[in-house]
Amino acid sequence: MDSTSASAPHGATLAREHRDPRAELHRRAAGNGLITIPSLPVPIQQHTTQHSWSPYADNGGTCAAIAGKGFVIVAADTRLNGDFNIHTRHDLSKIKALTPATFLASSGMQADRLFLHEVLQHDVSWYTFNHSNRVPSTQALAQKLSTVLYGRRFFPLYTFNILVGLDDNGDGVCYSYDAVGTTEPLSYGTTGSASSFIEPLLDCAIMRGNMKGLGKASLTEEEALALLKHAFTGAAERDIYTGDSVEFYILTPAGVRRDTLPLRRD
């Protein structure tokens, strides 16, 4: 036995004896530049895609109302939108006549507002059947609508409503609602995609909160109708979800009248 093998540790000798000869051959060839060992490709990082679904959709449109002494006017445009598309220019489903003296205007998701209108119309029919053909008052329907919306608060109907009508004295009243039924009687209200454009105009023209020396305006029926027409005309210039035309319903103790205003169609 030579001196080199005698001085080598016992563990190193076992490692050389158990070394794979093929691996040793490849190591020496690579060290001498005889072969090239290709490197493994770096995997490309995969980006995760989250798939989601929402039960709600906003079909656009705008509703507004003004109440005064002896009248109330409710209006809504006729454009039905979805995903930046115009489904129809003649949608008349935003306003529902619940009784001859009470109308409901709704914006938001069309499916939910149609369902809500049918529920309330069914309740009105049952009330009429059980009370000798008498119809519920505007105040009773306002409370009923608030109860229906609040009852769905854990999975709300995606509708934003304005209920208008005449009170016991024949004067107009307007109730504005959020999605879960919070409401109060007001003299005007707006809802929908162009609400942020119409509401400040009505605040300024009716409430006059920032005008020194001027109190709340008392509009006539003609002045209120003209103000709503100006408001929708301006809103159609700034909101792509409001347009085509506006339907007006004027409720008075003498009955209901209907008026139409064409708007821009682009």
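Here is what the cut-offs are and how they apply
- Sequence order sets the numbering: in each chain, residues are counted from 1 along the sequence as written.
- Selection of residues for local features in this predicted model requires a pLDDT of at least 70, selection of side-chain atom pairs for listing and counting requires 80 or more, and totals for whole chains, interfaces and linings are taken over all residues.
- For the side-chain quantities, the full set of heavy atoms in the structure was used; hydrogens and water were omitted.
- Only the six-membered ring of Trp is used, alongside the rings of Phe and Tyr, when aromatic pairs are assigned; centres must lie within 6.5 Å, and planes under 30 degrees apart are stacked while those over 60 apart are edge-to-face, with the rest tilted.
- Elements are defined by DSSP. Helices are runs of H or I of four residues or more, strands are runs of E of two residues or more, and each kind is numbered from the N terminus.
- Counted as over-ring charges are cases with an Arg CZ or a Lys NZ within 6 Å of the ring centre that also lie within 35 degrees of the ring normal.
- Strands are labelled as partners when DSSP assigns at least two bridges between them.
- Angles here are taken between N-to-C directions and fall from 0 to 180 degrees, while the axes themselves are lines fitted to C-alpha atoms, restricted in helices to the stretch in contact.
- Should any heavy atoms of two residues lie within 4.5 Å, those residues are counted as being in contact.

This brings us to the packing of aromatic side chains. Scanning the model with the defined rule gives seven aromatic pairs in all. Judged by centre distance (6.3 Å) and plane angle (85°), the ring pair of Phe232 and Phe248 falls under edge-to-face. Residue Phe232 is located in helix α7 (residues 221–238), and its partner Phe248 is located in strand β11 (residues 245–252); the two are separated by 16 residues in the primary sequence. Put simply, the rings of Tyr56, Phe155, Tyr158 and Phe160 touch in pairs and so form one group of aromatic residues. We note Arg153 situated over the ring of Tyr150; from NZ or CZ to the ring centre the distance is 4.2 Å.

With antiparallel pairing, the five strands of this open sheet are ordered in space as β10-β1-β2-β11-β12. The open sheet has two edge strands with one neighbour each: β10 (188–192) and β12 (255–262). With strand direction ignored, the average angle separating the axes of adjacent strands in the sheet is 15°. As paired strands, strand β2 (residues 71–77) and β11 are joined by six bridges and run antiparallel to one another. Considered in β11, the bridge of Val74 is made with Tyr249. Here α7 sits on the sheet in contact with β1 (62–68), β2, β11 and β12, set at roughly 15° to β2.

Another point: the sheet that holds strand β9 (residues 183–186). The strand order across the open sheet built from five strands is β5-β6-β7-β8-β9, with neighbouring strands paired in antiparallel fashion. Every interior strand has two partners, whereas the edge strands, β5 (95–99) and β9, have only one. Within the sheet, the average angular offset between the axes of one strand and its neighbour, ignoring direction, is 20°. In the sheet, strand β6 (residues 102–108) pairs with strand β7 (residues 159–166) via seven bridges, with the strands oriented antiparallel. Counterpart to Ser106 in the pairing with β7 is Asn161. Packing of helix α5 (residues 138–151) onto the sheet brings it into contact with β5, β6, β7, β8 (172–177) and β9, and relative to β7 it is tilted by some 165°.

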